[in-house]
Amino acid sequence: MINLSEDYLTDVEEHNLDLTRARKAKGDKVVGVYCAFTPKELIAAAGGIPVSLCGSSDEPIPAAEQHLPRNICPLVKSSYGFALTDTCPNFHFSDFLVADATCDGKKKMYELLGRMKPLHLLQLPQRADTESAFQYWLSEIRQLKTVLENWLAIEITDEKLLEAVKLYNRCRQVTSKIFELNKGGQTFLTGKEISTATDDGGFQVDLSSHITRMEKVIQWAKKRGGLEPRSRILLTGSPTTCKKVLNIIEETAYVTAMENCGGLKTVGQLVEEEGDRLEALARKYLNISCSCMSPNLGRYGLLEEIVKDYHIDGVIDLTWQACHTYNVESFSVGEFIRDRLGVPFLQIETDYSESDAGWIKVRVEAFLEML
């Protein structure tokens, strides 16, 4: 019997930690990853264990503010604070770090992280829609392959890379099926349940078991049947590393789809399994519609598709304070949602603390009453 509670994730995390300890005892290495642009297929093909490192709590932020300015993104401060205080097993177990230069705050913070552990920084192009941008990004992927081979003392063969590509594609396909349960106007999973079901516990040491668990969730949700009707919300914007806004929305509505990192923005497109593997990886990851790209036109097409396919009643845009790219983009996204798609739109700008939870609740409730 599936129970998508905190105990569910705790069991997943403990299982993956145990496997990671066993593999590290045999000499395998853990590679910490900070953003969606890093192709984890390369790490897996090299025999490494990819692990997600984004911060999710405000607890280590005071420690981070000893080195970082207070008026910087809470995700950046939380990530650095966990590393600085060594209070997160994901960072603690990491032997090497791969980071992506998605924003100025992150890439300067990575300079400090590089003092703690070996770190390779992927330099993203400023845009994703030109051949020159693709060739530049492809050179970064090729360089990462060489770096990983040197770090892990192994050759990444074409056979191993294809095996990893197929496994990660399978994971994307099943993750997409989790979301697609809510297509067509019926709700089979709440946003909190989707978030829990698609969470691999950080350590991607046993992706096959994660896929099997998600398949069981799909079976369980279909057997349970559709949920009682509520307003259907699309949550977009900054990564939902802190669940505060998600939880507030779901007190009275359903977040039936999420476009944020880790959601439909990153799982929809598969890596081409034919042809040059590195080119296929470069094309897939460069097509992630992140606000760090200018222009970021792909995001609008994706939002339109989600709003129509998931029968969305309203869109809520989550933007972390000092996340300048998403905050600026929220203006044009709001215009597009309201004027082009005819759907109500609300921007919530916040941080990881609970100090503004009451204010957010009032705004969300007022927004939902309009729908």
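Our structure's up above, just so we're on the same page.
Quick look at the structure, then. Each chain carries its own residue numbering, running from 1 in the written order of its sequence. Side-chain atom pairs in this predicted model are given and counted only at pLDDT of 80 or more, local residue features only at pLDDT of at least 70, and totals for whole chains, interfaces and linings cover all residues. Note that the side-chain values use all heavy atoms of the structure and ignore hydrogens as well as water.

**Focus on the packing of aromatic side chains**
Heads up, the condition is: For Phe, Tyr and Trp, rings pair up if their centres lie within 6.5 Å, where Trp contributes its six-membered ring, and each pair is then called stacked (planes under 30 degrees apart), edge-to-face (over 60) or tilted (otherwise). A helix here means a DSSP run of H or I that spans at least four residues, while a strand means a run of E at least two residues long, and both kinds are numbered starting from the N terminus. In this scheme, a residue with accessible area under 20% of its type's maximum is buried, one over 50% is exposed, and one in between is partly exposed, where area comes from a 1.4 Å probe on protein chains only. Our definition puts a charge over a ring when NZ of Lys or CZ of Arg is within 6 Å of the ring centre and also within 35 degrees of the ring normal.
Within the structure shown, the criterion is met by 6 aromatic pairs. When the ring of Phe37 is compared with that of Trp137, the centres are 6.4 Å apart and the planes differ by 85°; the resulting orientation is edge-to-face. Here the residue Phe37 occupies a position in the loop between strand E1 (30-33) and helix H2 (40-45), and Trp137 occupies one in helix H7 (residues 131-152), the gap between them amounting to 100 residues. Accessibility expressed as a relative area gives 0% for Trp137, which makes it buried. Arg283 extends its terminal NZ or CZ atom over the ring of Phe134, reaching a point 3.7 Å from the ring centre.

**So, the sheet that holds strand E7 (residues 314-320)**
Applicable threshold: For two strands to be treated as a pair, DSSP must find at least two bridges joining them. The axes used here are C-alpha line fits, helices contributing only the stretch in contact, and every angle between their N-to-C directions lies in the interval 0 to 180 degrees. Contact criterion: two residues are considered in contact whenever any of their non-hydrogen atoms come within 4.5 Å of each other.
Judged by pairing direction, the sheet is parallel, and its 4 strands sit side by side in the order E6-E5-E7-E8 without closing on themselves. Looking at which strands have only one partner, the edges of the open sheet turn out to be strand E6 (254-258) and strand E8 (345-350). Averaged over all adjacent pairs, the angle separating strand axes in this sheet is 30°, with direction ignored. Where E7 meets E8, 6 bridges bridge the pair, whose relative direction is parallel. Following the sheet pairing, Val315 is matched in E8 by Phe345. Here helix H15 (residues 324-340) sits on the sheet and contacts strand E5 (232-237), E7 and E8; the angle it forms with E8, its principal contact strand, is near 165°.

**Re the environment of His210**
Structurally, His210 can be placed in helix H10 (residues 207-224). Taking the relative accessible area as the measure of exposure, His210 reaches 2% and is therefore buried. Sequence spacing of His210 and Asp199 is 11 residues, and the spatial spacing of their C-alpha atoms is 8.5 Å. When residues no more than four places from it in sequence are discounted, the contact partners of His210 are Cys171, Ala197, Thr198, Asp199 and Asp200.

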